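# Structural characterization, general
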Amino acid sequence: MSTTSATLRRRFSSLVAVVGLGALAGCSGVTYAETQLPTSAPPKPSSSAPAVAAPTCANATQSYDPLPNLPSRGDITDPSMRRIISKGFITVGVSADTYLFGARNAFTGGIEGFDIDMARAVAKAIFGDPNKVQLRVITAGDRIPLLKDPDRPIDMVARNMSMTCGRWNDIAFSAEYYRSGQKVLVSKALPGAKDLSLADLKGKRVCAPTGTTSLTKLEQVEGPVVVTAGTHTGCLVLLQQGKADAITGDDTVLAGLAAQDPNTVITSAKAITVEPYGLGVNKSDVYLARYVNRVIADLEADGEWKAIYNRWLAAPLGPAPAPPTPVYGR
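Residues numbered from 1 in each chain as written. Predicted model: local features only at pLDDT ≥ 70, side-chain atom pairs only at ≥ 80, totals over all residues. Heavy atoms only, no water.

## Let's talk about the packing of helix α7 (residues 232-240) against helix α8 (residues 251-260)
- Packing of α7 against α8 leaves a shortest axis separation of 11 Å and a crossing angle of 40 degrees. Classified by the angle between their axes, α7 and α8 sit oblique to one another. The element α7 and its partner α8 pack so that their crossing is right-handed. On α8, the residues touching His232, Thr233 and Leu236 of α7 are Val253, Leu257 and Gln260.
- Partitioning the contact of α7 with α8 into residue classes produces three nonpolar, three polar and no charged. (Axes fitted to C-alpha atoms, helices over the stretch in contact; angles between N-to-C directions. Helix = DSSP H or I, 4+ residues; strand = E, 2+ residues; numbered from the N terminus. Parallel < 35°, antiparallel > 145°, perpendicular 65-115°, else oblique. Left-handed = near helix turned anticlockwise from the far one by under 90°. Contact = heavy atoms within 4.5 Å. Nonpolar A, V, L, I, M, F, W, Y, C, P; charged D, E, K, R; others polar.)

Structure, rendered in structure tokens:
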């Protein structure tokens, strides 16, 4: 085990034990909230604003054209973005237990990872300060209901969220900012563990979090016994308790789980699906999506996307690949 891997494991070894905490500790000036938002938030956008219906979906990764450049805050007139600007921060739904993408550091109490850095990048673009973000810890099942909520409890989701045509019916997405694939993590105690696919796990208990595309795919495979939990870490706990034999999910998420439990391994079986990640926003927030798309394009152009990847994912997954090619024109 390398020094870097050992350090990462020590830093996150107590992650599972703190998943159920009811409040987040502040870190480095970032505002955190788990269930409560400021009561003095400025008025919401007018309910008379017309909803924007997404056209027929031929490509789930197709998003809206990015803004030509990032306007100054004073030049932005879009109601939803004016509300964010008036608050003084952007509220983003995130994971606190997805190691490498959005996980609570057991020593500092802060949440960190690839998705958190993407949220910070959007905050920096709007406010000139990456700390002008309020992180709200949510489950995978919370993502779409909270984005659809007319009270706007969150402005955006940065939680390893796969873009699908079905989800475009409910919300809008940024351009694709990361591409993953659904694989399987198994206990090393299973015979032939390294080479097992989902189809090989007939009669075995396989866990996937509720509200995920991973669970949808698992339910379509004949043979495995479906087990669910609220989060991937919840699945890991079930596996450690002997109540599950395997976990299925995006390979990036499984890499984080495997780093936390040396008794597990990601199988070498080919990825079951392609999972393009997008930042989620309310369906009517087309301007915000276009703004975020400008941010993502700039991150990729100036090398910051690669730096974020290398910061979190190079150790378990290898050097940074080319960023996903954006598809615009929705």
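## Some thoughts on α8
- Extensive coverage of α8 is indicated by the burial of eight of its ten residues.
- Looking only at α8, the buried set comprises Thr252, Val253, Leu254, Ala255, Gly256, Leu257, Ala258 and Gln260. (Buried < 20%, exposed > 50% of the residue type's maximum accessible area, 1.4 Å probe, protein only.)

## Details of the packing of aromatic side chains
- One pass over the structure, following the stated rule, counts twelve aromatic pairs.
- Between Tyr177 and Tyr277, the aromatic rings sit 6.3 Å apart at their centres with planes inclined by 50 degrees, giving tilted as the arrangement. In this pair, Tyr177 is assigned in the loop between β8 (171-173) and β9 (178-180) and Tyr277 in strand β15 (residues 275-277), connecting sequence segments 100 residues apart. One exposure class covers both Tyr177 and Tyr277, and it is buried.
- Three or more aromatic residues link up through ring pairs in this structure, and these residues are Phe101, Phe114, Tyr177, Tyr178, Tyr277, Trp305 and Tyr309.
- Note that Arg330 overlies the ring of Trp168, its terminal NZ or CZ placed 3.6 Å from the centroid. (Phe/Tyr/Trp six-rings, centres within 6.5 Å; stacked < 30°, edge-to-face > 60°. Lys NZ or Arg CZ within 6 Å of the ring centre and 35° of its normal.)

## Some remarks on the pairing of strand β10 (residues 182-187)
- Among the six residues in β10, six count as buried, and that is most of the element.
- Of the two faces of β10, the one holding Gln182, Val184 and Val186 and the one holding Lys183, Leu185 and Ser187 are both buried throughout.
- Note: β10 against strand β13 (residues 246-250), five bridges, orientation antiparallel. Residue Lys183 lies in a different strand from β13, and its bridge partner there is Gly249.
- Sheet topology places β10 next to strand β14 (residues 264-266); three bridges connect them, and they run antiparallel. The partner of Val186 across the bridge, within β14, is Val265. (Pairing = 2+ DSSP bridges.)

## Description of the sheet that holds strand β4 (residues 102-104)
- Read across the open sheet, the three strands follow the order β3-β4-β5; overall the sheet is antiparallel. Both outer strands of the open sheet, β3 (97-98) and β5 (111-112), are each paired with one neighbouring strand and no more.
- Bridge count for β4 against β5 is two bridges, and the pairing is antiparallel. For Arg104, the partnering residue across the bridge sits in β5 and is Ile111.

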